[in-house]
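Chain by chain, the residues run as shown.
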Amino acid sequence: MFNYLKFIRTRNFPHIWCPGCGDGIILKALIRAIDGLDISRDEAVMVSGIGCSSRTPGYVDINTLHTTHGRALPFATGVKHASPDLNVIVVTGDGDATAIGGNHYIHAARRNINLTVLLYNNYIYGMTGGQCSPTTPRGDRASTAPYGNIEPPFNTAGLAISAGASFVARADVYNVKRCEKMIRQALEKDGFSLVEILTPCPTAYGRRNRMANPVKLMEWLRDNTVPVQKWEKLSPEEREGKVRVGVLADTEKPEFTAEYRKLIERVQGE
Amino acid sequence: MSVDRSGKVKMMQGNQACAEGAIAAGCRFFAGYPITPSSEIAETMSRNLPGIGGKFIQMEDELGAMGATIGASLTGVKSMTATSGPGFSLKQENIGYACMAEVPCVIVNVMRGGPSTGMPTLPSQMDVQQARWGTHGDHSIIALVACSAQETYEQTVRAFNLAERFMTPVILLLDEIVGHTTEKVVIPDQSDIEIVSREKPEESPEDYLPYRETETGIPVLAKFGTGYRYNVTGLCHDSTGFPTNDSEEIEKNIRRIVRKIEDNRNQIIDYREKMTGDAEVIIFAYGSVSRSARSAVAMCREEGIKAGILEPTVIWPFCYNKVRELAEQVNTFVVPEMNLGQMAREVKLGVEGKAEVVSLNRIDGEPIKPAQIVEKVKEVV
């Protein structure tokens, strides 16, 4: 059996996440992925913003930086740019990354700075009590959308791809092995690497949307996620309401800190 | 302007002097966002940092620039950002974070008029209270001012030294006149510049507590990547750096963060005074206004008016004791400033009713002229 303890700060347990929340599943997948890559704990930094997802760093025994709402990416950019030898992992949520931190999200992707970003997407603001987020599906209910959400949701992964991220994947906590694999690939990639991870929030989202039972939310993930290979074979009608998972983009692009290193060499050579 | 630190005399803008001073102080990271009248600081840093292995980045906005500055500093790299009024407002969120998490860094605000977009190309001193109270929550802050390019160079070095020593963000307030006036700067030899760098933990990582209670109240934060795997947060935390709801721990930590500056205020506060010995009226002036005020004192003396000048070079913490001491001797303080009396409030607190405090205000983007100050002095003596 895998020993998680060497990466866990047990002093901070029990964790704050609700029963049925998927964030702990991501935490375990992340630890297995880090361990598989033999990343030094002393040289790894985890940066987060605000929200349920952003409490992850507190439980991981590496250098951890819990910042302000939406700003994990700028802090992480400062860490990585100043000290490129550090491995920098960013943990954020749908509200943190695509609402209040939306500008940082697109620009970090455009810059293609070597950060591994795990975006926990639970379709809702969980920590503050279930308000509508930029990924809440149209028609769903939230504490600030009591009559149903009239706004269309962001395609968060698509946003990162079009902004310039070199690696973008989508995973979910039902398919745990795939989730771990996507995280590992993102950690290995030299460039801005995003893994959007669908994770259930029975407390703040499920309760308002006829899925209060955590099992129902897990079943939803099982029944509505489609791997990319299979997705290609589906008709537009068959794709309706389904979510594509797997590696969505994997390209080679100039990475920011490597480009800056070249710039320094060029200037110093003059 | 090329980088030359050989003790030469150079002509440069205050903004360029700021960048040169930062590099002399050991700054090797700058994150910024373009804004008038501070952009020359970012431009100079973008030109000069790569050649010495430093890092520059133009961020997507002011919030990002402040965040990146803090992130870089946590890896042990001396870091700075620069802005003006509207950008200073946006930076307040993460200035508060730097106060709470005790991350040393320097924030330069080349003041222009406000509120809102205000007067982008004209001077003001309207952000002096924002420097003190701009971010939410109880905290203490160190803020410096400068009146010339020369002093900007020196105060930038000092800002870094204070940040590193007290483990806190330090604000340097210039104004548009100081930032954009090209004048003589004597750049000292690098070996003559006093440089302070943050302490390193002496204990082993196993025994390390980043925010433990110390005699001075100043924490010792290890650089990320050196084996001390601790947590940094903007939430109320205990000595371990982890969030806590323990009311005793919360109070202890916030009081320590305030105390480390307030208890050491005598080591931080600094001012110049001239002709105060026999003065009957004191002109209290700072930033570019102090240059007009010095001329005004000379003009007053020529006319037989016993005027003196008190020029703080550190405005936060404020020099209440010095003001109180002078209030015993003089009848009146005249406070000329390019705002509606923001520092006059502090002078009033300082005099404790023992002297009259008279404001002279300009908020039209025009500098305060010596003759205006003399006229005000004549009204009150």
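Above this text is the structure in question.
Values in this document were obtained by computation on a predicted structure and should not be read as measured data.

Cut-offs and rules
- What you see as residue numbers is a count from 1 along each chain, following the sequence as written.
- Both sets of labels track the order of writing: A upward for chains, 1 upward for ligands.
- Where local features are concerned, this predicted model is filtered to residues with pLDDT of at least 70; where side-chain atom pairs are given and counted, the filter is 80 or more; whole-chain, interface and lining totals use all residues.
- Water and hydrogen atoms were dropped before computing side-chain values, which therefore reflect all heavy atoms in the structure.
- The classification of residues rests on relative accessible area computed with a 1.4 Å probe and restricted to protein chains. Under 20% of the type maximum is buried, over 50% is exposed, and intermediate values are partly exposed.
- Going along the chain from the N terminus, every DSSP run of H or I of four or more residues is numbered as a helix, and every run of E of two or more is numbered as a strand.
- Following DSSP output, two strands are said to pair if at least two bridges run between them.
- By the criterion used throughout, a crossover qualifies as right-handed when its path from the first strand across the helix to the second strand runs clockwise, the strands pointing away from the viewer.
- Every axis corresponds to a line fitted to the C-alpha atoms, with the helix fit spanning only the stretch in contact, and the corresponding angles, defined between N-to-C directions, vary from 0 to 180 degrees.
- Contacts are assigned to residue pairs that have any heavy atoms within 4.5 Å of one another.
- Salt bridges are defined as contacts in which a side-chain nitrogen from Lys or Arg sits within 4 Å of a carboxyl oxygen from Asp or Glu.
- In summary, the pairing rule links any two rings of Phe, Tyr or Trp, Trp by its six-membered ring, whose centres are within 6.5 Å, and it sorts them by plane angle into stacked for under 30 degrees, edge-to-face for over 60 and tilted for everything else.
- Both a distance and an angle decide whether a charge sits over a ring: NZ of Lys or CZ of Arg must be within 6 Å of the ring centre and within 35 degrees of the ring normal.
- Only protein atoms enter the 1 Å grid, on which a cavity is a set of points fitting a 1.4 Å probe that cannot get out and a pocket is an open set with protein on both sides within 12 Å along at least 5 of 7 lines, lining residues being those with an atom within 4 Å of a point.
- Grid points are joined across faces, edges and corners, and a volume is the space filled by probe spheres set on the points.
- Amino acid classes used here: Ala, Val, Leu, Ile, Met, Phe, Trp, Tyr, Cys and Pro are nonpolar; Asp, Glu, Lys and Arg are charged; the rest, including Gly, are polar.
- Each helix should span, by expectation, one fewer than its residue count multiplied by 1.5 Å.
- The arc under discussion is defined with respect to the helix axis, by the directions toward the C-beta atoms.

**Description of the pairing of strand β13 (residues 307-312) of chain B**
Residue and element names in this part refer to chain B. A large share of β13 lies buried, amounting to six of its six residues. Covered by surrounding structure in β13 are Ala 307, Ile 309 and Glu 311 together with Gly 308, Leu 310 and Pro 312, the residues of both alternating faces. As paired elements, strand β11 (residues 271-274) and β13 share four bridges and run antiparallel to each other. Looking across to β13, one finds that Arg 272 is bridged to Glu 311. In this fold, strand β12 (residues 281-284) hands off to helix α10 (residues 289-302), which returns the chain to β13; that crossover is right-handed.

**Overview of the sheet that holds strand β10 (residues 243-250) of chain A**
With respect to topology, nine strands assemble into an open sheet ordered β9(A)-β10(A)-β7(A)-β8(A)-β4(A)-β3(A)-β1(A)-β2(A)-β10(B), the strand pairing being mixed. Each edge of the sheet is formed by a strand with only one pairing partner; in this case those strands are β9 (225-227) of chain A together with β10 (231-233) of chain B. Within this sheet the neighbouring strands show an average axis-to-axis angle of 20°, counted without direction. Pairing of strand β7 (residues 167-172) of chain A with strand β8 (residues 193-198) of chain A, which is carried by six bridges, proceeds in the parallel orientation. Counted as the bridge partner of Val 168 of chain A is Leu 194 of chain A from β8 of chain A. Across the sheet, helix α6 (residues 176-188) of chain A lies against β3 (87-93), β4 (116-121), β7, β8, β9 and β10 of chain A, angled at about 160° from β7 of chain A, the strand it touches most.

**Notes on the pattern of salt bridges**
Residue and element names in this part refer to chain B. Summed over all chains, the structure comprises 38 salt bridges over all chains. When the shortest N-O distance is used, the salt bridge between Arg 301 and Asp 278 registers 2.8 Å. Placement of Arg 301 in helix α10 and of Asp 278 in the loop between β11 and β12 is noted, with a sequence separation of 23 residues between them. The shortest N-O distance in the salt bridge between Lys 354 and Glu 328 comes to 3.4 Å.

**Digging into the packing of aromatic side chains**
Tallied over the entire structure, the rule returns 14 aromatic pairs over all chains. When the centroid spacing of 5.4 Å and the interplanar angle of 80° are considered together, the rings of Phe 13 of chain A and Tyr 59 of chain A count as edge-to-face. One end of the pair, Phe 13 of chain A, is in the segment before α1 (23-37); the other, Tyr 59 of chain A, is in the loop between β1 (44-48) and β2 (63-66), with 46 residues separating them in the sequence. A residue is classified by how much of its surface remains accessible, and Phe 13 of chain A, at 36% relative accessible area, is partly exposed. Among the aromatic residues, those joined into a ring-pair cluster are Tyr 208, Phe 224, Tyr 228 and Tyr 230 of chain B. The positively charged end of Arg 132 of chain B is found above the aromatic ring belonging to Trp 133 of chain B, 3.8 Å away from the centroid.

**A look at the environment of Glu 346 of chain B**
All names here are of chain B. When you line up the elements, Glu 346 lands in helix α12 (residues 342-351). Relative accessible area serves as the criterion here: at 7%, Glu 346 is assigned to the buried category. Ignoring anything within four residues of it in the chain, the contact list for Glu 346 reads Gln 129, Trp 316, Phe 318 and Tyr 320.

**Here we look at the layout of surface pockets**
Residues and elements named next belong to chain A. Empty space within the largest pocket amounts to approximately 670 Å³. Along the walls of the largest pocket sit 34 residues, with Tyr 123, Pro 137, Trp 220, Lys 242 and Val 243 positioned nearest its centre. Those elements that provide at least two residues to the lining of the largest pocket are α5 (156-163), β8, α7 (214-224) and β10. Of the residues forming the lining of the largest pocket, the biggest block, four residues, is contributed by α5. Across the lining of the largest pocket, the residue classes break down as 17 nonpolar, nine polar and eight charged.

**Regarding α10 of chain B**
Residue and element names in this part refer to chain B. Along its 14 residues, α10 runs 20 Å from first to last C-alpha, staying within 8% of the 20 Å computed at 1.5 Å per residue. Considered for burial, the residues of α10 that qualify are Val 289, Ser 290, Ser 292, Ala 293, Ala 296, Val 297 and Cys 300. Buried residues of α10, seen end-on, are gathered within an arc of 145° and therefore sit on one face of the element. Buried residues along α10 sit in contact with β12, β13, β15 (332-337) and α13 (370-380). A positive phi of about 85° marks Gly 304, the residue just after α10.

Limitation: the analysis is restricted to geometry and does not speak to function.
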